[in-house]
Amino acid sequence: MSANLNQTNIEIDDPNFQALFADLQGNILKGHGRDDSRHIFFRFTGNSDENCRWVESFAGEVTSTLAQHQQILSYKRDRHHQLFVNFMLSCSGYLALDIPQKYWPQDKAFRSGMKDLQVCYDTLPRGDHSPKSNPLNDDVQQWESAFRNRVDGMILLAYGGDSARETRQILDDKVSELKKQLAGIAEITLVQAGYVMRNEKEQVIEHFGFVDGVSNPKFLFSDLNEEFKNGGYSRNDPSASLNTVLVKDPGGDNNSYGTYVTYRKLQQNIKGFWKKLDLLANTLSELGQQKVDAEYAGALCVGRFKDGTPISEQGNDGWSNLFNNFNYDDDVDGLRCPFHSHTRKTNPRGDTVRQFNSPPTIEQSRRIVRRGISFGDKNLNPDSEWTDAGLLFISLQASIVDQFIFMQHTWCNNEGFVRENTGIDPLVGQVLPGENIQPQSWPGKWGNGAGKVDFEFSGFVRTLGGEYLFMPSIHFLRHLS
Ligand code: HEM
């Protein structure tokens, strides 16, 4: 019997899900939790039989959801560190393994790949796509060569040892071992290192300095319980059913599920971002009705202050960090948190219900699971613009078209979402190369529409490459031939 994917709030030891969890890769329902990772991109070079035999042998090293849970227990018991491993394939990877098409994942974007210029135009709601660009408005010519060329798959290794040295050693040794194993089978096209950055409170941050990874759909009872202790969920329910992220693996057996992966290497211009925030703060102070600084202007861009406090939430005692237990019911005109702010564009928390009368379940179904990690130089105050710093954005979803692409294309890149003249997401919104960007409209005073100020803010994140992948069931990986 297949599992009920509508279920939420599942205990990891629920007997009805043991077979599914044993066959499902880890890092999907819960993040792997390690602070360092290596993303090893490869392109098969061997014949399909040899390729399949290697994947089958490697399947034994992939960490299942159950094994991930055992690793957590063993770490809590005796501080024993273990390597975490994910394995994913692009559509060209399925082809190189000579897998019959009926076993391929269905998603149209997965089938076309991220570089494809024509991907799923017919499935997207706006009618104004230019055939010159892909639906994300990416400038593929500017991508790193590893991503401009064919990517067949990616192995994710993650480890968190007692010291940085131990961690580096374990990960580098594993990469060397893989290079040997893959000789004659596949060419490693990129080994991308990722690491978690933390602030003085040990919270995870991204390169602009903002706390990241706060709001994510929660599938397991233990994680939901954690969120409950951390601010509750009376105004925002983070629980999500399994079908937000899982689909049946067409190449597996009855208990086999997988997830679609969006991978994007996003470079961040830290110096440029903060310089522009200074300018925005000065402009708001001059033309608006309150004196503000760059930190406040940054919160208008992101939707949260650097410490994670939502900008929409202020009580008599000042800002209240409601963590994730907030919505925009008291800010229906975007006068506290602008409609264009990154967190409001990517999770409108009821705006689409108010604006389009669309059912809340539709908005909820757009949610993605974020498992990204930072890359490059850890310096948050670089001397120059466009340094080697950014985010290895990884989202997991049941549909790339209806979740990630919809979010990036129809929400972040769309100047008319959620209302006309909203403007693009100032963090990650992209227009076609060479196209004009209309200024966003910023509240000149918190909660007050009288002094709105127009100011164009964009262009501090650029895409260096990416791919759509599928993280199949372990059963599929073990039984290729
Ligand atoms: C939330 C930064 C790219 C989707 C956030 C938050 C920050 C952030 C600081 C708030 C903390 C949190 O809730 O975790 C960034 C940076 C990016 C980036 C610096 C690029 C370098 C993206 C992209 C997408 C995305 C490409 C998808 C198109 C989301 C979502 C949330 C979020 C869904 C949660 C919103 C909520 O539920 O309130 N991001 N992000 N992010 N971001 Fe991003």
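Source: prediction; values computed, not measured.

Enquirer: Describe the overall build of the protein chain, with residues and values.
Expert: For the protein chain, the count of helices and strands is 15 helices and 16 strands. Relative to a compact globule of 481 residues, whose C-alpha radius of gyration would be 23 Å, the protein chain shows 22 Å and is just as compact. Principal-axis analysis of the C-alpha atoms gives the protein chain an extent of 70 × 50 × 45 Å. Every one of the 481 residues in the protein chain was classed for burial, and the buried ones make up 57%. Restricting to contacts in the protein chain with at least 6 residues of sequence separation, those with at least 24 account for 72%. In the form shown here, the protein chain has an accessible surface area of approximately 20200 Å², with 47% of it arising from carbon and sulfur atoms.

Enquirer: Describe the site of the ligand, with residues and values.
Expert: Surveying the vicinity of the ligand reveals 25 residues, the closest of which are Val214, Ser215, His342, Arg349 and Arg370. Between the ligand and Gly213 there is a distance of 2.8 Å, counted from an oxygen atom to a backbone nitrogen or oxygen. With respect to the ligand, the side chain of His342 contributes an N or O atom lying 2.9 Å from a nitrogen atom. Of all the elements in the fold, those that place two or more residues in the shell around the ligand are strand 8 (257–268), helix 11 (342–346), strand 13 (389–397) and helix 14 (400–412). For the shell around the ligand, the residue count by class is twelve nonpolar, eight polar and five charged.

Enquirer: Quick one: what's the story with the packing of aromatic side chains, residue by residue and with numbers?
Expert: Per the counting criterion, the structure on display carries 30 aromatic pairs. Ring geometry for Tyr94 versus Phe110: centroids 6.0 Å apart, planes at 90 degrees, classification edge-to-face. Placement of Tyr94 in helix 4 (residues 91–96) and of Phe110 in helix 5 (residues 108–112) is noted, with a sequence separation of 16 residues between them. The class for Tyr94 is buried, based on a relative accessible area of 0%. For Lys248, the ring lying beneath its charged end belongs to Tyr257, and the centroid distance is 4.8 Å. Between Lys378 and the ring centre of Tyr195, over which it is positioned, the NZ or CZ distance is 4.6 Å.

Enquirer: Give me the lowdown on the nonpolar core, citing residues and values where you can.
Expert: One finds Phe44, Trp54, Phe87 and Ile155 to be the most contacted residues of the largest nonpolar core, which totals 128 residues. By residue number, the principal contributor to this core is helix 14, which donates eight residues. Residues contacting Ile155, with those up to four places away along its chain left out, are Arg38, His39, Ile40, Phe42, Trp54, Phe58, Val85, Asn86, Phe87 and Leu178. Counting five residues, the second-largest nonpolar core is a separate cluster that includes Tyr195, Met197, Ile205 and Val211.

Enquirer: Summarise the pairing of strand 16 (residues 461–471); cite the residues concerned and give the values.
Expert: Burial of strand 16 is extensive: ten of the eleven residues sit out of reach of the surface. In terms of strand pairing, strand 8 meets strand 16 through ten bridges, oriented antiparallel. Within strand 16, the residue paired with Thr259 across the bridge is Met471.

Enquirer: Can you lay out unusual backbone geometry for me, pointing to particular residues and giving the numbers?
Expert: Phe417 connects to Val418 through a cis peptide bond whose omega is 10 degrees. Relative to the helices and strands, Val418 is located in the loop between helix 14 and strand 14 (440–442). Unusually for a residue other than glycine, Arg79 sits at a positive phi of about 55 degrees. By relative accessible area, Arg79 is classed as exposed at 54%.

Enquirer: Provide a residue-level description of the side chain of Asn269, including the pertinent values.
Expert: For Asn269, the location among the structural elements is in the loop between strand 8 and helix 9 (270–287). Among the polar contacts listed, one links the side chain of Asn269 to the backbone nitrogen of Gly272, at a separation of 2.8 Å. Here the side chain of Asn269 touches Glu385 through a polar contact of 3.0 Å, side chain to side chain. Apart from the residues within four sequence positions on either side, Asn269 is in contact with Phe208, Glu385, Trp386 and Phe460.

Enquirer: With reference to specific residues and values, describe the pattern of salt bridges.
Expert: Pairs may arise between side chains of opposite charge once their charged atoms sit close together. Counted by the stated rule, this structure contains 22 salt bridges. The partner of Lys115 in a salt bridge is Glu467, and the shortest N-O contact between them spans 3.3 Å. Of this pair, Lys115 sits in the loop between helix 5 and helix 6 (145–148) while Glu467 sits in strand 16, and the two are 352 residues apart along the sequence. Classification of Lys115 as partly exposed rests on a relative accessible area of 22%.

Enquirer: I'd like a description of the layout of surface pockets, backed by residues and values.
Expert: Of the voids in this model, the second largest pocket is the one considered here, and its volume is about 370 Å³. Along its surface, the second largest pocket is lined by 17 residues, and Asp139, Gln430, Val461, Arg462 and Thr463 are the ones closest to its centre. Here the lining of the second largest pocket is composed, by residue class, of seven nonpolar, seven polar and three charged.

Enquirer: How would you summarise the environment of Val191 if you had to cite specific residues and measurements?
Expert: Relative to the assigned elements, Val191 resides in strand 4 (residues 186–195). Of the residues examined, Val191 reaches a relative accessible area of 34% and is grouped as partly exposed. Sequence separation between Val191 and Leu156 is 35 residues; the distance between their C-alpha atoms is 9.8 Å. Leave out the neighbours within four places in its chain, and Val191 touches Arg38, His39, Ile40 and Val175.

Conventions we followed
- Residues numbered from 1 in each chain as written.
- Predicted model: local features only at pLDDT ≥ 70, side-chain atom pairs only at ≥ 80, totals over all residues.
- Heavy atoms only, no water.
- Helix = DSSP H or I, 4+ residues; strand = E, 2+ residues; numbered from the N terminus.
- Rg over C-alpha atoms; globule rule 2.2 N^0.38 Å.
- Buried < 20%, exposed > 50% of the residue type's maximum accessible area, 1.4 Å probe, protein only.
- Contact = heavy atoms within 4.5 Å.
- Areas by Shrake-Rupley, 256 points an atom, 1.4 Å probe, with all protein chains shown as cover.
- Near = heavy atom within 4 Å.
- Polar contact = N/O pair within 3.5 Å; in protein donor to acceptor, adjacent residues only side chain to side chain.
- Nonpolar A, V, L, I, M, F, W, Y, C, P; charged D, E, K, R; others polar.
- Phe/Tyr/Trp six-rings, centres within 6.5 Å; stacked < 30°, edge-to-face > 60°.
- Lys NZ or Arg CZ within 6 Å of the ring centre and 35° of its normal.
- Core = buried A, V, L, I, M, F, W, Y, C linked by side-chain atoms within 4.5 Å.
- Pairing = 2+ DSSP bridges.
- Salt bridge = Lys/Arg side-chain N within 4 Å of Asp/Glu carboxyl O.
- 1 Å grid on protein atoms, 1.4 Å probe; cavity = no way out; pocket = protein on both sides within 12 Å on 5 of 7 lines; lining within 4 Å.
- Points joined across faces, edges and corners; volume = space filled by probe spheres on them.

In short, shape yes, function no, at least from these values alone.
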